[in-house]
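Below, each chain spelled out in residue letters.
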2 protein chains.
Amino acid sequence: MNVSKHSKQRDAILEVLHSTKAHPTADAIYEEVRKKIPNISLGTVYRNLAKLSEDNTIIKVNAGTGVEHFDGTPTPHYHVVCTECGAIDDIDADPLEEVNVWAAKIFKGEIYKHSTIFFGKCERCKN
Amino acid sequence: MNVSKHSKQRDAILEVLHSTKAHPTADAIYEEVRKKIPNISLGTVYRNLAKLSEDNTIIKVNAGTGVEHFDGTPTPHYHVVCTECGAIDDIDADPLEEVNVWAAKIFKGEIYKHSTIFFGKCERCKN
DNA sequence: ACAATAATGATAACTGTTACTATTATTATA
DNA sequence: TATAATAATAGTAACAGTTATCATTATTGT
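Structural notes, computed from the coordinates.

Calculation rules
- Residues numbered from 1 in each chain as written.
- Chains lettered and ligands numbered in written order.
- Predicted model: local features only at pLDDT ≥ 70, side-chain atom pairs only at ≥ 80, totals over all residues.
- Heavy atoms only, no water.
- Least-squares fit on C-alpha atoms with pLDDT ≥ 70 in both.
- Contact = heavy atoms within 4.5 Å.
- Buried area = accessible area lost by both parts, 1.4 Å probe.
- Salt bridge = Lys/Arg side-chain N within 4 Å of Asp/Glu carboxyl O.
- Helix = DSSP H or I, 4+ residues; strand = E, 2+ residues; numbered from the N terminus.
- Nonpolar A, V, L, I, M, F, W, Y, C, P; charged D, E, K, R; others polar.
- Pairing = 2+ DSSP bridges.
- Axes fitted to C-alpha atoms, helices over the stretch in contact; angles between N-to-C directions.
- Parallel < 35°, antiparallel > 145°, perpendicular 65-115°, else oblique.
- 1 Å grid on protein atoms, 1.4 Å probe; cavity = no way out; pocket = protein on both sides within 12 Å on 5 of 7 lines; lining within 4 Å.
- Points joined across faces, edges and corners; volume = space filled by probe spheres on them.
- Near = heavy atom within 4 Å.
- Polar contact = N/O pair within 3.5 Å; in protein donor to acceptor, adjacent residues only side chain to side chain.

## Points about the relation of the copies chain B and chain A
Next, step 1: Superposition record for chain B on chain A: RMSD 0.1 Å, screw rotation 180°, translation along axis 0.0 Å. What the rotation and shift describe, once combined, is the action of a two-fold rotation axis. Scanning chain B for the C-alpha nearest the rotation axis identifies Thr116(B), at a separation of 2.1 Å.
Next, step 2: The overlap is high: 100% of the interface residues of chain B also sit at the interface in chain A, so the same surface is used on both sides.

## Some points on the interface of chain B and chain A
Next, step 1: If you look at the interface, chain B gives 35 residues, while chain A gives 35 residues.
Next, step 2: Overall, the association of chain B and chain A removes approximately 2900 Å² of surface from exposure, summing both partners, and the carbon and sulfur fraction of that is 69%.
Next, step 3: Along the contact surface separating chain B from chain A lie zero salt bridges.
Next, step 4: Elements supplying a minimum of two residues to the side of chain B that touches chain A: strand 3 (78–82), strand 4 (88–91), helix 4 (97–106), strand 5 (110–121) and helix 5 (123–126) of chain B.
Next, step 5: In terms of residue count, strand 5 of chain B provides more of the side of chain B that touches chain A than any other element does, twelve residues in total.
Next, step 6: Its residues placed into classes, the side of chain B that touches chain A shows 16 nonpolar, nine polar and ten charged.
Next, step 7: Here strand 5 (residues 110–121) of chain A pairs with strand 5 of chain B via eleven bridges, running antiparallel. In the sheet register, Lys113(A) faces strand 5 of chain B, and the bridge partner there is Phe119(B).

## A few points about the packing of helix 1 (residues 8–18) of chain B against helix 3 (residues 42–54) of chain B
Residues and elements named next belong to chain B.
Next, step 1: With their axes 10 Å apart at the nearest point, helix 1 and helix 3 run at an angle of 70° to one another. As summarised for this structure, helix 1 and helix 3 are arranged roughly perpendicular, according to the angle between their axes. Across the interface between the two elements, Gln-9, Arg-10, Ile-13, Leu-14 and Leu-17 of helix 1 pack against Thr-44, Val-45, Asn-48, Leu-49, Lys-51 and Leu-52 of helix 3.
Next, step 2: For the contact of helix 1 with helix 3, the per-class residue count stands at six nonpolar, three polar and two charged.

## Digging into empty space enclosed by the protein
Next, step 1: Under the criterion given, the structure shown has one cavity of 30 Å³ or more.
Next, step 2: Taken together, Tyr78(A), Val99(A), His114(A), Thr116(A), Tyr78(B), Val99(B), His114(B) and Thr116(B) make up the full set of residues lining the largest cavity.
Next, step 3: The set of elements that each furnish at least two residues to the lining of the largest cavity consists of strand 5 of chain A together with strand 5 of chain B.

## A few points about the protein's contact with DNA strand C
Next, step 1: Around DNA strand C sit 20 residues in total, of which His6(A), Tyr46(A), Lys5(B), Ser7(B) and Thr44(B) are the nearest.
Next, step 2: Near the protein, within 4 Å, the atoms of DNA strand C are sugar or phosphate in 75% of cases.
Next, step 3: The side chain of Lys5(B) places a nitrogen or oxygen atom 2.5 Å from a base oxygen of DNA strand C.
Next, step 4: In this structure, a phosphate oxygen belonging to DNA strand C sits 3.1 Å away from a side-chain N or O atom of Asn48(B).
Next, step 5: Going through the elements one at a time, helix 3 (42–54) of chain A together with helix 1 and helix 3 of chain B are the ones with two or more residues in the surface near DNA strand C.
Next, step 6: Top element by residues in the surface near DNA strand C is helix 3 of chain B. It accounts for four residues.
Next, step 7: Taken together, the residues of the surface near DNA strand C sort by class into five nonpolar, nine polar and six charged.

So this is what it looks like as structure tokens:
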């Protein structure tokens, strides 16, 4: 797998990710892409999601739910999991670099980065 | 499953968790407990780890490795995953409450708490 | 001692994901 | 435009971690 070749399947997967603010799972993406390419294989979805993550075209979001979620916006940002409905929302801000600085003062090794998920109640469930 | 009953299996599992600073997986705990109770079932380990987590006697640590790790110290604290050797170390400090305050200012819902894992190089791998 | 029932060991089932393989599609080049 | 090289695909099997099932055993209160 050296020089990558185009595929309409990969395009369709990316389109799905770019068309939503939700953070769908591989399976949800599969169901959505099937509306365009009914015979696409679930394996193809996984393969492409893996490749796109490696490329940093998309990012994997581990929301602690045991299932991987995917985000079409590769810029680093935090996420909030709604404890009511399970929705994953973005926090539209740069990650807090000072948290790494804080940790580095306490930890007896090196700190490179961190990953944070928030738990709360989303705007929709709030009312 | 109303009033819980004592079991030597549960005691042994807790002992293992209290005897280590590593953050073993269910399987690693199973292997360790087997030295004392050779015919313990892996299902029993999982069942007890689930119950102990519910009780808040231990905590589950999702280090983003796809596998659940367990920590015998239920006091909230952060963890560092060593990108070199995979070890999970504790950050011995209270979580940063101000991070929630920060997020609450940006997010259009409510923020209850957050969970952070750091990635870095542990003391042992540092050299 | 006994009755009620929680916990166990053994194993099957389940879920999300990865690996395999023959076939198809894309790409660069002649 | 035909061709050769090979990346990507569909379909499916395999896998890992975990949960569920169930008959048996252990713990507990009376």
